[in-house]
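Chains, contacts and geometry: an overview
The chain contents come next:
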Amino acid sequence: MTAKSVPTLNMVSGSLLLALAAVWGGSFFFAEIALREVPPLTVALHRIFWAVPALYMVVLWKGLRIPRSVKAWLCYLVMGALNNAIPFSLIFWGQVSIESGLASILNGTTAVFGAVVAGIFLVDEPLIPRKIVGALFGVFGVAAIMGLDALTNFDLRNLAQIAILGAALSYAFAGVWGKKFLSGYPPVMNAFGMLVGSTILMVPVAFYSEGLPSFALSMEVWASLLAVSLLSTAVAYLLYFEILVRAGSANLMLVTLLIPPIAVGLSYSFLGERLGTEALWGFGLIAIGLIITDGRVLAMLLGKRRARP
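Below is a summary of the structure that appears in this document.

What counts and what doesn't
Residues numbered from 1 in each chain as written. Predicted model: local features only at pLDDT ≥ 70, side-chain atom pairs only at ≥ 80, totals over all residues. Heavy atoms only, no water. Helix = DSSP H or I, 4+ residues; strand = E, 2+ residues; numbered from the N terminus. Rg over C-alpha atoms; globule rule 2.2 N^0.38 Å. Buried < 20%, exposed > 50% of the residue type's maximum accessible area, 1.4 Å probe, protein only. Areas by Shrake-Rupley, 256 points an atom, 1.4 Å probe, with all protein chains shown as cover. Lys, Arg positive; Asp, Glu negative; His and termini not counted. Charge placed at Lys NZ, Arg CZ, Asp CG, Glu CD. Axes fitted to C-alpha atoms, helices over the stretch in contact; angles between N-to-C directions. Parallel < 35°, antiparallel > 145°, perpendicular 65-115°, else oblique. Contact = heavy atoms within 4.5 Å. Patch = residues over 30% accessible without salt bridge, like charges linked within 9 Å, V, L, I, M, F, W, Y side chains within 5 Å. Salt bridge = Lys/Arg side-chain N within 4 Å of Asp/Glu carboxyl O. Expected span 1.5 Å × (residues − 1). Core = buried A, V, L, I, M, F, W, Y, C linked by side-chain atoms within 4.5 Å.

**With respect to the overall build of the protein**
Along the backbone of the protein there are 14 helices and 0 strands. In terms of C-alpha radius of gyration, the protein reaches 19 Å, essentially the compact-globule figure of 19 Å for 309 residues. Projected onto the principal axes, the alpha-carbon positions of the protein cover approximately 70 × 50 × 35 Å. Counting across all 309 residues of the protein, residues that qualify as buried make up 48%. For the protein, the exposed area adds up to about 15300 Å²; of that, 71% sits on carbon and sulfur atoms. Treating the 19 positive side-chain charges of the protein as one cloud and the 13 negative ones as another, the clouds have centres 18 Å apart.

This is the structure in structure tokens:
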């Protein structure tokens, strides 16, 4: 691929997108298994801790120079908080009370939140009417999932769903932070620095809240912890940045539509989880919101309509 290549969604980038959806969708499944023996904050720590040496090997292999400035590492620390420490902790804590498939659907609001937050804080990504309409569909989808009783009966399950939405919002702010302060560094270096920063934050938080982690775990749980770290984090970030170069950010956002079906399918097939019809309706509304936010399907339909004699 040359430097002048235009980012497009072709067979290669489409296959990479499906692979990314699979490893990210699998993170909810792997976490559900790990949470049987490991508390949520410690699961979050495992996820980022084991990914650090894996990405460090990639940094060495590519011959990248690790930044030495305090400013760069402060930026990585904030990025690690917004894109890893906070959302991973909220998602895994939420999964203690709700199904992994439902968590993935609620996490699907990330792209909608991202469009709104970027529209507020980034000059080159204005909050146009299309994005506002997409955000409203996302809100309706969340309302359909949580139900009207969430307004009157505030229980732990509702709080868990709000935690997942908080994670999606944190991801949205991470996107803005990364674009404003980390765009001058190589993508793989950003991923490595971000994970180092989030590990520094999570070690004292997890140890203080849940104590020293136990290593006397079943093989099934260890396999899940390593999978969520190496596959759903280290490999996922490598796929993420490769797709970003090959297909562009707009095409990359489509992964948000692919993750929930994969996560729901895994949880249904292997964990026996069943989601209610309100979750499926909610996912449909969120998906419509993402399609409207993306805009290309609407543009294609309008273009065909105008092209008719």
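**Concerning the packing of helix H2 (residues 40-49) against helix H3 (residues 51-62)**
H3 packs onto H2 with a crossing angle of 15 degrees between their chain directions and a minimal axis gap of 5 Å. Between H2 and H3, the angle is such that the two are roughly parallel. For the pair H2 and H3, contact is made by Arg-47, Ile-48 and Phe-49 and by Ala-51, Val-52 and Pro-53, respectively.

**So, a nonpolar patch on the surface**
On the surface, Ile-120, Phe-121, Leu-127, Ile-132, Leu-136, Val-139, Phe-140, Leu-169 and Phe-173 cluster together into a nonpolar patch covering about 800 Å² of accessible area. Sorting the residues of the nonpolar patch by element identifies helix H6 (110-121), helix H7 (129-146) and helix H9 (156-181) as the ones contributing at least two each. Of the residues forming the nonpolar patch, the biggest block, 4 residues, is contributed by H7. You can call Phe-173 partly exposed: its relative accessible area is 34%.

**Describing H3**
In a regular helix each residue adds 1.5 Å, so 12 residues correspond to 16 Å; H3 covers 17 Å between its end C-alpha atoms and thus fits that length. Taken from the residues just after H3, Gly-63 is the one with a positive phi, measuring 70 degrees.

**Comments concerning the nonpolar core**
Looking at soluble globular proteins, one finds that nonpolar side chains tend to be buried together. Counting residues in hydrophobic clusters, the biggest one holds 79 residues, and the most contacted among them are Leu-20, Phe-92, Leu-106 and Leu-225. Tallying contributions element by element places helix H11 (residues 219-252) first for this core, with 13 residues. Membership of the second largest hydrophobic core comes to 5 residues, among which are Val-117, Ala-118, Leu-122 and Val-176.

**What about the pattern of salt bridges?**
Tallied over the full model, the rule gives 4 salt bridges. In this structure, Glu-99 engages Arg-157 in a salt bridge whose closest nitrogen and oxygen atoms are separated by 3.0 Å. Here Glu-99, found in the loop between helix H4 (70-95) and helix H5 (100-107), pairs with Arg-157, found in helix H9; they are 58 residues apart in sequence, far enough to count as distant. Using a relative accessible area of 33% as the deciding quantity, one classes Arg-157 as partly exposed. Among the ionic pairs, Glu-242 bridges to Arg-246, the shortest N-O distance being 2.7 Å. Taken together, the positions of Glu-242 and Arg-246, both in helix H11 and 4 residues apart, correspond to about one turn of that helix. Judged by its relative accessible area of 25%, Arg-246 is partly exposed.

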